[in-house]
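The lines below spell out each chain.
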Amino acid sequence: MKVIISGGGTGGHIYPGLAVARSLEEKINDIEILFVGTADGLEADIIPKAGYELKTIKAEGFSRQLSLQLIKAVTKTGIGVLESYRILKEFGPDLVLGTGGYVCGPIVLAAALQNIPTVIHEQNAYPGLTNRLLAKVVDKVALSNQAAEDYFKAKDKLTVTGNPIRPEILAKQESIAYQELNLKPEPKTILVFGGSRGAKSINQALVGIYKQLEKLDIQLLHVTGKKDFERIATEAEELGINDFESGKIRIKPYLYNMEAALAVADMVISRAGATGLAEITASGLPAILIPYPYATDNHQEHNARALEKAGAAKVIIDDNLTADRLWSVLKVLLNDEDKLAAMSKASLAAGEPQAAEKLINEMMVLSRN
Ligand SMILES: CC(=O)N[C@H]1[C@@H](OP(=O)(O)OP(=O)(O)OC[C@H]2O[C@@H](n3ccc(=O)[nH]c3=O)[C@H](O)[C@@H]2O)O[C@H](CO)[C@@H](O)[C@@H]1O
């Protein structure tokens, strides 16, 4: 079976595609997978590092108003569709899966126009523009969240699968993860990350409580995002914190082994992107969530509130985020083992570890092979 997987821009669209790729390889002996994305999205870094071939095409997101940018984006997408035709001819896929972001628009459209079976997957409760447009031409629309059903007209194409999680996250052995990260099983490990690109406001609030955290019996793994790393590392050094490899406070620009971090973490502080949350809940971790305030239709707050309601998370709105506020919420949680245990249980109950399996089953029904 030959499958093309496309999605990107940010990690939240890439990792579900990688999860499907890994799960397909576990399930099917004779499988060939090709990723398609852009040369400037995060996929160009992540996909080859994960061991897959990435063919690049032109694509750009559409602005919501008529503008020069819109004309440019439409032209680029047109070129991307022509490039996609060539890729489809050369690779001959039995199915094309799009996991969202404008990146997957051209190849999924080109495949649908050639009657190659097509599936898209939407991670969020409020779907992105690309998926809303592609839904009109694809064979199947897989959703992470039932709430997204309201935004699609062709109800017969919809199926709820959950958000696929990389098998290595579900299977990671703690002992190996501690070794990989050079951390110890005791004391508690707090993992902080701001989605795939990092979050400046979270980084800033965290630097503001480094000194308090240093006094506690904890280990902190702070993933800043590549863009903010130098700034945060410099501020940490000014505070006298400089052993990022084996000290109490570890600062990293990006983790290519997030599965290890999720395996050793006792709690998480993060944004509320759908893919990150799917991984946090599948790992049964309690969380402090600070939704990105500019996500379309404020969907991150929606994601975060759902987990708060389930008892798995505490939410701090980005506007209210200060070092003091973060410290007061974190301190209460760290001092309440029962509360943390209850949140952990609620988190696990909210997880959907079977999502990749469900999505693959839908794909197999449609596939030409
Ligand atoms: C700003 C924005 O609009 N973000 C969107 C984007 O988020 P974003 O790309 O930030 O996605 P998520 O937070 O959902 O997922 C981040 C992914 O990156 C991985 N990771 C992160 C940091 C790191 O160092 N290493 C690593 O592997 C995480 O394990 C996870 O798989 O896509 C999500 C899924 O469509 C949306 O819900 C988010 O709203």
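Residues numbered from 1 in each chain as written. Predicted model: local features only at pLDDT ≥ 70, side-chain atom pairs only at ≥ 80, totals over all residues. Heavy atoms only, no water.

- A UniProt comment under Function (unreviewed entry) is attached to the protein, and it reads "Cell wall formation. Catalyzes the transfer of a GlcNAc subunit on undecaprenyl-pyrophosphoryl-MurNAc-pentapeptide (lipid intermediate I) to form undecaprenyl-pyrophosphoryl-MurNAc-(pentapeptide)GlcNAc (lipid intermediate II)."
- The record in UniProt for the protein states the following under Pathway (unreviewed entry): "Cell wall biogenesis; peptidoglycan biosynthesis." (UniProt positions renumbered as here; feature names shortened; annotations may be inferred.)

1. Focus: the environment of Pro185
Step number 1: Note that Pro185 resides in the loop between helix H7 (174-181) and strand S8 (188-193).
Step number 2: Sequence separation between Pro185 and Val36 is 149 residues; the distance between their C-alpha atoms is 39 Å. (Helix = DSSP H or I, 4+ residues; strand = E, 2+ residues; numbered from the N terminus.)

2. Describing the pattern of salt bridges
Step number 1: In the structure shown here, the tally under the stated rule is 19 salt bridges.
Step number 2: A salt bridge links Lys226 to Asp45, with the nearest nitrogen and oxygen atoms 3.1 Å apart. Remark: Asp45 occurs in helix H2 (residues 43-49) and Lys226 occurs in the loop between strand S9 (218-223) and helix H10 (229-238); sequence separation between them is 181 residues.
Step number 3: A residue is classified by how much of its surface remains accessible, and Lys226, at 48% relative accessible area, is partly exposed.
Step number 4: Glu279 is the salt-bridge partner of Arg166, the closest N and O atoms lying 3.1 Å from each other. Of this pair, Arg166 sits in the loop between strand S7 (158-160) and helix H6 (167-171) while Glu279 is found in helix H12 (residues 274-282), placing the two residues 113 residues apart along the sequence. Accessibility classification places Arg166 together with Glu279 in one group, the buried group.
Step number 5: One salt-bridge network, in which partners are shared between bridges, spans Asp45, Lys49 and Lys226. (Salt bridge = Lys/Arg side-chain N within 4 Å of Asp/Glu carboxyl O. Buried < 20%, exposed > 50% of the residue type's maximum accessible area, 1.4 Å probe, protein only.)

3. Regarding the site of the ligand
Step number 1: The immediate surroundings of the ligand are formed by 22 residues, with Gly12, Asn124, Ser196, Glu279 and His299 found nearest.
Step number 2: Gly11 is positioned with one of its backbone polar atoms (N or O) 3.2 Å from an oxygen atom of the ligand.
Step number 3: Within the backbone of Gly276, an N or O atom sits 2.9 Å from an oxygen atom of the ligand.
Step number 4: Protein contact buries 90% of the 770 Å² of open area that the ligand shows by itself.
Step number 5: Broken down by secondary-structure element, the contributors of at least two residues to the shell around the ligand are helix H1 (11-27), H12 and helix H13 (299-309).
Step number 6: Considering only residue class, the shell around the ligand consists of seven nonpolar, 13 polar and two charged. (Near = heavy atom within 4 Å. Polar contact = N/O pair within 3.5 Å; in protein donor to acceptor, adjacent residues only side chain to side chain. Areas by Shrake-Rupley, 256 points an atom, 1.4 Å probe, with all protein chains shown as cover. Nonpolar A, V, L, I, M, F, W, Y, C, P; charged D, E, K, R; others polar.)

4. What to know about the UniProt feature "domain: Glycosyl transferase family 28 C-terminal" (unreviewed entry) in the protein
Step number 1: Annotation from UniProt places "domain: Glycosyl transferase family 28 C-terminal" (unreviewed entry) at residues 189-358.
Step number 2: Taken end to end, residues 189-358 is 48% helix and 15% strand, and its two terminal C-alpha atoms sit 32 Å from one another.

5. Overview of the packing of H12 against helix H15 (residues 337-350)
Step number 1: Interhelical geometry of H12 versus H15 gives an angle of 120 degrees and a closest axis separation of 7 Å. If you check the angle between H12 and H15, you find them oblique. As for how H12 packs across H15, the hand of that crossing is left-handed. Contacts between H12 and H15 pair Ile280, Thr281 and Ala282 from the former with Ser347, Leu348 and Ala350 from the latter. (Axes fitted to C-alpha atoms, helices over the stretch in contact; angles between N-to-C directions. Parallel < 35°, antiparallel > 145°, perpendicular 65-115°, else oblique. Left-handed = near helix turned anticlockwise from the far one by under 90°. Contact = heavy atoms within 4.5 Å.)

6. Comments concerning the nonpolar core
Step number 1: Counting 34 residues, the largest nonpolar core has Ile190, Tyr210, Leu220, Ile269, Ile288, Leu326 and Leu330 as the members making the most contacts within it.
Step number 2: Tallying contributions element by element places helix H14 (residues 323-334) first for this core, with six residues.
Step number 3: When near neighbours in sequence (up to four residues on either side) are disregarded, Leu220 contacts Ile190, Val192, Leu206, Tyr210, Leu213, Lys248, Ile249 and Arg250.
Step number 4: Of all hydrophobic cores here, the second largest spans 33 residues; its members include Ala261, Leu289, Ala304 and Ala313. (Core = buried A, V, L, I, M, F, W, Y, C linked by side-chain atoms within 4.5 Å.)

7. Some points on the domain arrangement of the protein
When the parts of a complex come together, some accessible area is lost, and that lost area is often used as the size of the interface.
Step number 1: Looking at the protein, the domain boundaries give domain 1 (2-165 + 353-366) and domain 2 (168-350).
Step number 2: The C-alpha-based centres of domain 1 and domain 2 are spaced at 29 Å.
Step number 3: In this assembly, 20 residues from domain 1 lie in contact with 18 residues from domain 2.
Step number 4: Of the roughly 1,600 Å² buried between domain 1 and domain 2, counting both surfaces, carbon and sulfur atoms make up 59%. (Domains from an automatic or database assignment. Buried area = accessible area lost by both parts, 1.4 Å probe.)

8. Some thoughts on the environment of Asp156
Step number 1: Mapping Asp156 onto the fold places it in the loop between strand S6 (140-143) and S7.
Step number 2: On a C-alpha basis, the gap between Asp156 and Ala263 in space is 38 Å, while along the polypeptide they are 107 residues apart.

9. A short note on the packing of aromatic side chains
Think of a pair of aromatic rings as described by two things: how far the centres are apart, and how the planes are tilted against each other in angle.
Step number 1: This structure, assessed with the given rule, holds four aromatic pairs.
Step number 2: Between the aromatic rings of Tyr126 and Tyr151, the centroid separation amounts to 4.9 Å while the plane-to-plane angle is 75 degrees, which identifies the pairing as edge-to-face. With Tyr126 in the loop between strand S5 (118-122) and helix H5 (129-134) and Tyr151 in the loop between S6 and S7, this residue pair connects regions lying 25 residues apart in the sequence.
Step number 3: Tyr126 sits in the buried class, given a relative accessible area of 19%.
Step number 4: Considering the side-chain rings of Tyr292 and Tyr294, the 5.8 Å spacing of their centres and the 80 degrees angle between planes classify their relative orientation as edge-to-face. (Phe/Tyr/Trp six-rings, centres within 6.5 Å; stacked < 30°, edge-to-face > 60°.)

10. Notes on the sheet that holds S9
Step number 1: Strand order across the open sheet formed by six strands is S10-S9-S8-S11-S12-S13, with parallel pairing between neighbours. This sheet does not close on itself; its edge strands, each paired only once, are strand S10 (249-252) and strand S13 (313-315). Adjacent strand axes in the sheet meet at a mean angle of 15 degrees, parallel and antiparallel pairs treated alike.
Step number 2: Inspection of the sheet shows strand S11 (residues 267-270) paired to strand S12 (residues 287-289) by three bridges, in the parallel sense. Looking across to S12, one finds that Val268 is bridged to Ala287. (Pairing = 2+ DSSP bridges.)

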